Amino acid sequence: MTGAPSTRLPARSGGWVEGDPVGDRRFADVGPLQLERGGSLPAVRVAYETWGTPGDPAVLVEHALTGDSHVVGPTGPGQPTPGWWDGLIGDGAPLAGTFVVCANVLGGCQGTTGPSSAAPDGRPWGSRFPEITIADQVEVEARLAAALGVDRWAAVIGGSMGGMRALEWAVSRPDQVARLFFLASGAVATADQIGTQTTQQVAVTSDPRWAGGDYAAGEGPVAGLGTARRIAHLTYRSAFELETRFGHDVQDDGRFAVASYLEHHATKLARRFDAGSYVLLTQAMNTWDVGRGRGGVEAALARVTAHCLVAGIDTDRLYRVEEQQRVADALGVPLRVVPSPYGHDGFLVEVAAVGALVRELLAAPDQGGHLTPG
């Protein structure tokens, strides 16, 4: 493991770059990586954060598409956004008494090797960055676990894209996962999800400033990334919530209130996220299929030995509850449905309900004995 890097890279459209304040990030160099789709990376660095005491039961928390390693905590130097799963970690929280790890995903833009990272020639990888999969991301996390001395996770927890990695962990490395929390996700990308995400990709790559993925420092496809975020955000919230909050309201400036709301989220993302990472990670989500090379989804899920909890959000229109039902049925557990007006984002918003499920999961025994949260 390493300390903070010292050589600054030219900033692309957003995200953390070497030379920025590191905040609570730590770094591990996990070596070269052969990728599932045939490419390779000569070296991979992982940015991660931890909470709790090493030696306590270890829990891996998996972030979603535009998340990062900062699960909880305030903004600060090098950390432009507060924690994305507030209430999960800390005294009296569901994960109290555990050693929590969260890593920025391979291909991301918050300190882990991705398109905005330096290639061996010192320039950003850009369009040269190879295609990656969810399995590649989990391989990197497994190497981080080994570097941290974690042989077995007391639990792996994730929603949305994080749920994909959590499920891949439980299928590909069953002996290393005692408990699985699979939330608001699916076992294989659907045509609807692929269609939505490829449309977002086109929004980014059609921006003249995309420059084939090799845009200059400070001149990235901000407009295209903002459009992609608008499209995505509509899938993250429910029609009911949007109608209740905004309806047909028009602001004093003549804009529809809902359009102003989407613009706000588009601007926020463009300030903190790299467009190249956005395209790369949505493509990894498009190719997600836990059953690939394993005889199909049900055959793959038959490998899981963890104590499992599967949950969905009743108003989720991006990852419909039918997708979680398929996973729950294959794992032989009941589906837990969280009521929420917030759609897909309910997995982050409904802190009390989701936290109660986390506590329930951690209280369940595994072959190594009970874990009782603090």
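Refer to the structure printed above.
Residues numbered from 1 in each chain as written. Predicted model: local features only at pLDDT ≥ 70, side-chain atom pairs only at ≥ 80, totals over all residues. Heavy atoms only, no water.

Right, let's get into the overall build of the protein. From N to C terminus, the protein includes 11 helices and 10 strands. For a compact globule of 374 residues, the expected C-alpha radius of gyration is about 21 Å, and the protein comes in at 20 Å, within 12% of that figure. Counting only C-alpha atoms, the protein reaches 55 × 50 × 45 Å along its principal axes. In the protein, which comprises 374 residues, the share counted as buried stands at 56%. Taking the intrachain contacts of the protein between residues at least 6 apart in sequence as the baseline, contacts between residues at least 24 apart amount to 70%. If you sum the accessible surface of the protein, you get close to 14500 Å²; carbon and sulfur atoms cover 53% of it. Computing the positive centroid from 30 side-chain charges and the negative centroid from 41, the protein places the two 3 Å apart. (Helix = DSSP H or I, 4+ residues; strand = E, 2+ residues; numbered from the N terminus. Rg over C-alpha atoms; globule rule 2.2 N^0.38 Å. Buried < 20%, exposed > 50% of the residue type's maximum accessible area, 1.4 Å probe, protein only. Contact = heavy atoms within 4.5 Å. Areas by Shrake-Rupley, 256 points an atom, 1.4 Å probe, with all protein chains shown as cover. Lys, Arg positive; Asp, Glu negative; His and termini not counted. Charge placed at Lys NZ, Arg CZ, Asp CG, Glu CD.)

Quick reminder: α-helices carry 3.6 residues per turn. Residues three or four places apart thus point the same way. Along its 12 residues, helix H2 (residues 161-172) runs 17 Å from first to last C-alpha, staying within 8% of the 16 Å computed at 1.5 Å per residue. Judged by how many residues are buried, H2 sits mostly within the fold: 11 of 12 residues are covered. Listed as buried for H2 are Met-161, Gly-162, Gly-163, Met-164, Arg-165, Ala-166, Leu-167, Glu-168, Trp-169, Ala-170 and Val-171. (Expected span 1.5 Å × (residues − 1).)

Counting residues in hydrophobic clusters, the biggest one holds 75 residues, and the most contacted among them are Trp-153, Leu-167, Trp-169, Leu-180, Val-290 and Leu-331. Setting aside residues no more than four positions away along its own chain, Trp-153 makes contact with Ala-58, Val-59, Leu-60, Val-101, Ala-145, Trp-169, Gln-176, Val-177, Ala-178 and Arg-179. In this structure, Ile-157, Phe-347, Leu-357 and Leu-362 belong to the second largest nonpolar core, which totals 28 residues. (Core = buried A, V, L, I, M, F, W, Y, C linked by side-chain atoms within 4.5 Å.)

Across all of its chains, the model carries 7 aromatic pairs by this definition. When the centroid spacing of 5.8 Å and the interplanar angle of 85 degrees are considered together, the rings of Trp-125 and Phe-129 count as edge-to-face. Like Phe-129, Trp-125 is buried. With 6.1 Å between their ring centres and 90 degrees between their planes, Trp-153 and Trp-169 make a pair best called edge-to-face. (Phe/Tyr/Trp six-rings, centres within 6.5 Å; stacked < 30°, edge-to-face > 60°.)

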